[in-house]
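Here is what each chain is made of, one letter per residue.
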Amino acid sequence: MMFDHDRHGFVNYEQLKERLEPIERQLMSTQADVDAVTALVAQVATDLATAQADLQTQIDALAAANPAVSLTALQAAVAPLDAAVVALETLAPTPPAPAPAPAPAPPVPPAQGPTGG
């Protein structure tokens, strides 16, 4: 039996609290896990944005100091960082998949005549 019921069949507060505490701990640890991942993602986003800004500063300085040097390949190599920074800024949970459509109803058997078939 899940709960010890008192003589009226009701669960008392202490019994309910006892059963809910493990669930609450699980939820809190889950929230703690989400918070930890959130902090890691925020740090990655910050590091990536910093790297992108630093690289852009270096490319600009290189272009100014060496106008005859083509930086096209370097700029193309750095371009994905811009997209990654934007992607991290707009990151959102993937929506759940839609529920599958209900199965079609089975076919109705044909009616049988007075002879039974």
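What counts as what
- Residues numbered from 1 in each chain as written.
- Predicted model: local features only at pLDDT ≥ 70, side-chain atom pairs only at ≥ 80, totals over all residues.
- Heavy atoms only, no water.
- Helix = DSSP H or I, 4+ residues; strand = E, 2+ residues; numbered from the N terminus.
- Buried < 20%, exposed > 50% of the residue type's maximum accessible area, 1.4 Å probe, protein only.
- Areas by Shrake-Rupley, 256 points an atom, 1.4 Å probe, with all protein chains shown as cover.
- Patch = residues over 30% accessible without salt bridge, like charges linked within 9 Å, V, L, I, M, F, W, Y side chains within 5 Å.
- Salt bridge = Lys/Arg side-chain N within 4 Å of Asp/Glu carboxyl O.
- Contact = heavy atoms within 4.5 Å.
- Lys, Arg positive; Asp, Glu negative; His and termini not counted.
- Charge placed at Lys NZ, Arg CZ, Asp CG, Glu CD.
- pLDDT = per-residue confidence, 0-100.

1. What about the overall build of the protein?
Then, number 1: What the protein contains, in helices and strands, is 2 helices and 0 strands.
Then, number 2: Buried residues in the protein amount to 7% of all 117 residues.
Then, number 3: Surface exposure of the protein reaches about 9900 Å², of which carbon and sulfur atoms provide 65%.

2. Here we look at a nonpolar patch on the surface
Then, number 1: Where nonpolar side chains cluster on the molecular surface, the patch consists of L16, L20 and I23 and spans about 260 Å² of accessible area.
Then, number 2: Mapped onto the elements, I23 comes out in helix α1 (residues 13-65).

3. Overview of the side chain of Q52
Then, number 1: Mapped onto the elements of the fold, Q52 is located in helix α1.
Then, number 2: By relative accessible area, Q52 is classed as buried at 19%.
Then, number 3: With sequence-adjacent residues up to four places away left out, Q52 is seen in contact with L81, D82 and V85.

4. Focus: a negative patch on the surface
Then, number 1: On the surface, a cluster of negative charge is contributed by E14, E18, E21 and E24.
Then, number 2: The residue E21 is located in helix α1 in this model.

5. A look at the confidence of the model for the protein
Then, number 1: For the protein, the average pLDDT comes to 77, and 83% of its residues sit at 70 or higher.
Then, number 2: Overall, residues 1-6 carries pLDDT values under 50, and its contacts beyond four positions in sequence, including any with other chains, amount to 9 contacts.

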